[in-house]
Amino acid sequence: MESVSLSSKCNIFFLVIERTGLREIEFEENDVLRELTITSSRLKNVPQTLHSLDICGWKTPSLSSLDMSSNFLTSVPQCMENLKNLKTLSLDSNRIM
């Protein structure tokens, strides 16, 4: 699996994607997603824009937990501070300097 796309009609509260070849994820506006885990995948970067793992553009106001450990991330966009309800963030085992 290289790509995931979630429609605004999905009432998913928790999404766990582990050990995949995921490189891209898209969200339409999603007011219910609370926890997102994408671990042990092939994510290499977090673009500054909700398409293609675009944390800056994610319309997920209820997101309170984000785990993106064990990927190939090299940086974290400054816009992460815009995720106002985020209480837990895990980025361990990446290549962030």
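Residues numbered from 1 in each chain as written. Predicted model: local features only at pLDDT ≥ 70, side-chain atom pairs only at ≥ 80, totals over all residues. Heavy atoms only, no water.

A. Structural detail: the overall build of the protein chain. If you tally the helices and strands in the protein chain, you get zero helices and six strands. Order of helices (α) and strands (β) in the protein chain, N terminus to C terminus: β-β-β-β-β-β. Burial status across the protein chain gives 41% buried among its 97 residues. Of the roughly 5,600 Å² that the protein chain leaves accessible, carbon and sulfur atoms contribute 46%. (Helix = DSSP H or I, 4+ residues; strand = E, 2+ residues; numbered from the N terminus. Buried < 20%, exposed > 50% of the residue type's maximum accessible area, 1.4 Å probe, protein only. Areas by Shrake-Rupley, 256 points an atom, 1.4 Å probe, with all protein chains shown as cover.)

B. How the structure looks around the nonpolar core. Formed by 13 residues in total, the largest nonpolar core has its most connected members in L15, L33, L36, L63, L66 and M68. Mapped onto this core, the elements with two or more residues apiece are β2 (14-18) and β4 (35-39). (Core = buried A, V, L, I, M, F, W, Y, C linked by side-chain atoms within 4.5 Å.)

C. Structural detail: the side chain of S90. In this fold, S90 is placed in strand β6 (residues 88-90). Setting aside residues no more than four positions away along its own chain, S90 makes contact with L66, D67, M68 and S69. (Contact = heavy atoms within 4.5 Å.)

D. Looking closely at the pairing of β4. Of all five residues in β4, four are buried, a share of seventy percent or more. As defined by bridge partners, β2 adjoins β4 across five bridges and the pair is classed as parallel. Each bridged residue has a counterpart across the sheet, and for E18 the counterpart in β4 is T39. Bridging between β4 and strand β5 (residues 65-67) involves three bridges; their strand directions are parallel. When the bridges of β5 are listed, L36 appears paired with L66. (Pairing = 2+ DSSP bridges.)

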